[in-house]
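Residues per chain are reported as follows:
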Amino acid sequence: MKNKGYSLVELLAVIIILGLIITISIPIINSSLLKSKEKSLNTQKKAIITAGRKYATEHTNVLPDETNNISTISVELLKSEGFIDKDKIINPVTEEEMNGCVLIMYGIDNEEYHYEYNDSCRVDEYLYQGVEYIGTVGTQYINTGYKAKPTTKIDLDMQLTENYYTNTDNTNSNIIGSDVSTSNDDFSVNFGETGSQYNQLYFWADKSSPSGSDTYNKTYTTVLNRSHLVMGQGKGTFQDETITLPTKTGNNTGTMLLLAYYNKNDSSIHTFNRYYTKIYSFKIYEGNNIVKDFVPCYRRADNVVGLYDQISKQFYENAGTGVFTKGNNTSSLYK
């Protein structure tokens with residue numbers, strides 16, 4: 001019996017199917033190869049960092065301190081001293097030789113050294129030095145450049161320190177405010193404005209005083225403990241106590257201020273001076289997505305203290321008067 005061959009249509013169908021399989025497979029294979037190379041690169045970096053750590057243990061003169069809190073050890077030095085036993089270390093992603101440095105940073109907060117690999121060995125790329133916190137004395141604030149939306153949520157890690165303003169009436173009391181003053185633009189948190197309300201925290205969204213003022217506030221036994229202040233998406237939380245709030249309905253036209261608000265009575269910005277304040281971090285979310293991630297730091301070139309947004313890579317200086325104080329250096333550096 002004579003065997004029947006494939007028809008042209010069947011052959012074309014097989015070729016098309018094989019082509020589709022290849023088209024689908026190539027990106028998957030390439031992605032898998034890239035992940036494998038990146039994993040190998042991370043392994044290379046860890047090996048270099050381990051060598052740098054061993055070298056620093058035996059040559060403590062290279063270690064930084066609180067005065068000079070960053071130093072480097074080159075890969076070339078590690079190879080010449082026998083801490084790396086390869087003539088060449090190849091980057092598996094770029095296939096180029098790795099001739100960078102181990103960067104060593106000293107954090108006064110925990111008195112530990114932090115090591116990381118740096119391709120260029122340029123310390124001056126790190127423009128900002130992380131600190132534990134920035135502190136105010138009642139005249140400093142940050143204009144975040146952000147306009148609140150219905151999905152906005154803030155998370156402020158802070159600590160209030162009592163000062164002589166505590167029981168004084170009509171002191172400026174907004175922790176979160178805006179640079180305009182309308183009820184639709186409201187997205188703010190403040191303490192009561194009279195001495196008898198010094199420990200009452202008020203949350204506002206799309207409303208103006210006195211509407212809602214008796215409902216959306218909470219009285220605290222003490223307000224001086226370090227705590228997260230969270231507000232948005234229908235909730236307000238401070239010191240692990242949560243109250244239900246209205247959900248914001250409109251977009252703000254004004255920008256959010258940290259530690260200040262716009263006072264329409266004299267058409268000026270009033271800074272928060274009810275308490276001295278330490279800011280450890282400040283995050284802004286839209287839904288579950290973080291859009292601003294502020295960390296305390298100072299600019300290494302001139303020691304100006306402020307907040308660095310890790311999302312936009314921008315540094316925010318004091319928009320008020322005087323200067324922020326700062327806590328001890330951490331092992332974090334920012335470009």
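A. The arrangement of the overall build of the chain in detail. For the chain, the helix and strand inventory stands at two helices and 23 strands. The burial tally for the chain puts 44% of its 335 residues in the buried class. Across the chain, the fraction of contacts at a sequence separation of at least 24, relative to all contacts at a separation of at least 6, is 66%. Taken as a whole, the chain presents about 18,000 Å² of accessible surface, with 49% of it coming from carbon and sulfur.

B. Focus on the sheet that holds strand β8 (residues 174–178). Pairing within the open sheet is antiparallel, and its six strands lie in the order β6-β15-β8-β9-β10-β11. Looking at which strands have only one partner, the edges of the open sheet turn out to be β6 (142–143) and β11 (217–219). Looking at chain direction, strand β9 (residues 187–191) and strand β10 (residues 200–205) are connected through five bridges and run antiparallel. Paired with Phe191 across the strands is Leu201, a residue of β10.

C. Fine view of the pattern of salt bridges. Taken as a whole, this structure holds ten salt bridges when the rule is applied. Note that Lys149 and Glu286 form a salt bridge whose closest N and O atoms lie 3.3 Å from each other. Here the residue Lys149 occupies a position in the loop between β6 and β7 (152–161), and Glu286 occupies one in strand β18 (residues 276–286), the gap between them amounting to 137 residues. Overall, the relative accessible area of 22% leaves Glu286 in the partly exposed class.

D. Representation of unusual backbone geometry in the model. With phi around 65°, Asn303 is a residue other than glycine that occupies positive phi space. For Asn303, the position within the fold is in the loop between β19 (289–299) and β20 (305–309). The backbone phi angle of Lys313 is positive, close to 60°, even though this residue is not glycine. With respect to the secondary-structure elements, Lys313 resides in the loop between β20 and β21 (314–317).

E. How the structure looks around the pairing of β21. As paired elements, β20 and β21 share four bridges and run antiparallel to each other. Note that in β21 the partner of Leu307 across the bridge is Tyr316. Adjacent in sequence and paired antiparallel, β20 and β21 are bridged by four residues, among which Lys313 carries a positive phi angle near 60°.

F. Summary view of the nonpolar core. Of all hydrophobic cores here, the largest spans 42 residues; its most connected members are Ile175, Leu201, Leu229, Met256 and Phe282. It is β7 that contributes the most residues to this core, four residues altogether.

G. How the structure looks around the state of the cysteines. Scanning the entire structure with this criterion turns up one disulfide. At a sulfur-sulfur separation of 2.0 Å, the disulfide partner of Cys101 is Cys121. As the torsion about the S-S bond is roughly 100°, the Cys101-Cys121 disulfide counts as right-handed. Here Cys121 lies in the loop between β3 (112–118) and β4 (128–131) and Cys101 lies in strand β2 (residues 101–107), a separation of 20 residues in the sequence. According to the relative accessible area criterion, Cys101 is buried, its value standing at 4%.

H. Representation of the environment of Glu162. Mapped onto the secondary structure, Glu162 falls in the loop between β7 and β8. What makes Glu162 partly exposed here is its relative accessible area of 47%. Each C-alpha atom of the pair Glu162 and Val223 lies 8.9 Å from the other, and the pair is 61 residues apart in sequence. Apart from the residues lying within four places of it in its own chain, the contact partners of Glu162 are Leu224 and Tyr275.

I. View of the side chain of Arg299. Summarising the element assignment, Arg299 is placed in strand β19. Among the polar contacts made by the side chain of Arg299, one reaches the side chain of Asp302 at a distance of 2.9 Å. Among the polar contacts made by the side chain of Arg299, one reaches the side chain of Glu317 at a distance of 3.0 Å. Every residue in contact with Arg299, bar those within four places of it in the chain, is listed here: Leu127, Tyr128, Val304, Phe315 and Glu317.

J. The packing of aromatic side chains, seen in detail. Enumeration over the complete set of coordinates arrives at twelve aromatic pairs. Consider the rings of Tyr220 and Phe238, whose centres lie 5.0 Å apart with planes at 85°: the pair is edge-to-face. Here Tyr220 is found in the loop between β11 and β12 (227–232), whereas its partner Phe238 is found in strand β13 (residues 235–238), with 18 residues between them in sequence. Take Tyr220 and Phe238: they sit in the same class, and that class is buried. Judged by centre distance (6.5 Å) and plane angle (35°), the rings of Phe272 and Tyr275 are tilted. Three or more aromatic residues joined by ring pairs make a cluster, and in this case those are Tyr128, Tyr308, Phe315 and Tyr334. We note Lys153 situated over the ring of Tyr285; from NZ or CZ to the ring centre the distance is 5.0 Å.

Thresholds applied
Residues numbered from 1 in each chain as written. Predicted model: local features only at pLDDT ≥ 70, side-chain atom pairs only at ≥ 80, totals over all residues. Heavy atoms only, no water. Helix = DSSP H or I, 4+ residues; strand = E, 2+ residues; numbered from the N terminus. Buried < 20%, exposed > 50% of the residue type's maximum accessible area, 1.4 Å probe, protein only. Contact = heavy atoms within 4.5 Å. Areas by Shrake-Rupley, 256 points an atom, 1.4 Å probe, with all protein chains shown as cover. Pairing = 2+ DSSP bridges. Salt bridge = Lys/Arg side-chain N within 4 Å of Asp/Glu carboxyl O. Core = buried A, V, L, I, M, F, W, Y, C linked by side-chain atoms within 4.5 Å. Disulfide = S-S within 2.5 Å. Polar contact = N/O pair within 3.5 Å; in protein donor to acceptor, adjacent residues only side chain to side chain. Phe/Tyr/Trp six-rings, centres within 6.5 Å; stacked < 30°, edge-to-face > 60°. Lys NZ or Arg CZ within 6 Å of the ring centre and 35° of its normal.

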